[in-house]
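# Analysis of the macromolecular model
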Amino acid sequence: KTVGSQAKWLGYIKSETERMTKLTNDLLYLTQMDYSEAKIYSDFNLSETVSNVILTMEAVIFEHDIHLTDEICPDIIIHGNSGQIAQVVMNLLDNAVKYAPVKGTIGVSLKKTGHHAVLSVSNSGEGIPAEHLDKIFDRFYRADKSRSRKNGGYGLGLAIAKAIVNQHNGKIWAESSPDGTTAFKVELPLVK
């Protein structure tokens, strides 16, 4: 065997090892979410958390030639774990990047509606068929099985987001319009 072919195989093994490590970590995280009673919660500025996640993702979004728009209402305060909520925002943005087409758009908005903060992360693209909208938060579920390998995941990001949102007494859901725009919405109670 040539050095080149051996290097190629080592590359495959490394890539698969990284995928399995992420899978294991995600499953451990979900198990911890299921059984953890230890909640380290405090009041925090959700607007700043969302803005910080957008900043960390801007380079990746730019690399994918995707246009980002954001509308973040300032000083929205909620009670919870800021690190876990940042994970939700990161997972939703990561998902949007994976499924937005080149030259597509991603929109992030955060606003107050009544006694709740409502976060929306949307992307242009193919959309999600209506029959899949309720199932996409299930562990390992994929509306399009052929995309799982290409995009390097196992379908746990949305399950993790749902587990975190549920622990924060919130709601998470998806909407998809006929023009192909998909939006993930998260509703969290405001600090009274």
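Summary of the structure given here. Computed from a predicted structure; not experimentally measured.

## Side note on the overall build of the protein
Scanning the protein from N- to C-terminus turns up five helices and seven strands. The linear arrangement of helices and strands in the protein, starting from the amino end, is α-β-α-β-β-α-β-β-α-α-β-β. When the 192 residues of the protein are sorted by exposure, 42% land in the buried category. Contacts spanning at least 24 positions in sequence make up 72% of the contacts within the protein whose residues lie at least 6 apart. Split by element, the accessible area of the protein, about 11,100 Å² in all, is 56% carbon and sulfur.

## Some thoughts on the side chain of Asn95
You can see Asn95 is positioned in helix H3 (residues 82–99). By relative accessible area, Asn95 is classed as buried at 15%.

## Re the packing of H3 against helix H5 (residues 157–167)
Remark: H3 packs on H5, axes separated minimally by 9 Å, with the N-to-C direction vectors making an angle of 150 degrees. The angle between H3 and H5 places the two elements in the roughly antiparallel class. Regarding H3 and H5, the two cross each other, and that crossing is left-handed. Along the contact surface, H3 presents Gln84, Ile85, Gln87, Val88, Asn91, Leu92 and Asn95, while H5 presents Gly157, Leu158, Ile160, Ala161, Ile164 and Val165. Residues belonging to the contact of H3 with H5 are distributed by class as follows: eight nonpolar, five polar and no charged.

What counts and how
Residues numbered from 1 in each chain as written. Predicted model: local features only at pLDDT ≥ 70, side-chain atom pairs only at ≥ 80, totals over all residues. Heavy atoms only, no water. Helix = DSSP H or I, 4+ residues; strand = E, 2+ residues; numbered from the N terminus. Buried < 20%, exposed > 50% of the residue type's maximum accessible area, 1.4 Å probe, protein only. Contact = heavy atoms within 4.5 Å. Areas by Shrake-Rupley, 256 points an atom, 1.4 Å probe, with all protein chains shown as cover. Axes fitted to C-alpha atoms, helices over the stretch in contact; angles between N-to-C directions. Parallel < 35°, antiparallel > 145°, perpendicular 65-115°, else oblique. Left-handed = near helix turned anticlockwise from the far one by under 90°. Nonpolar A, V, L, I, M, F, W, Y, C, P; charged D, E, K, R; others polar.

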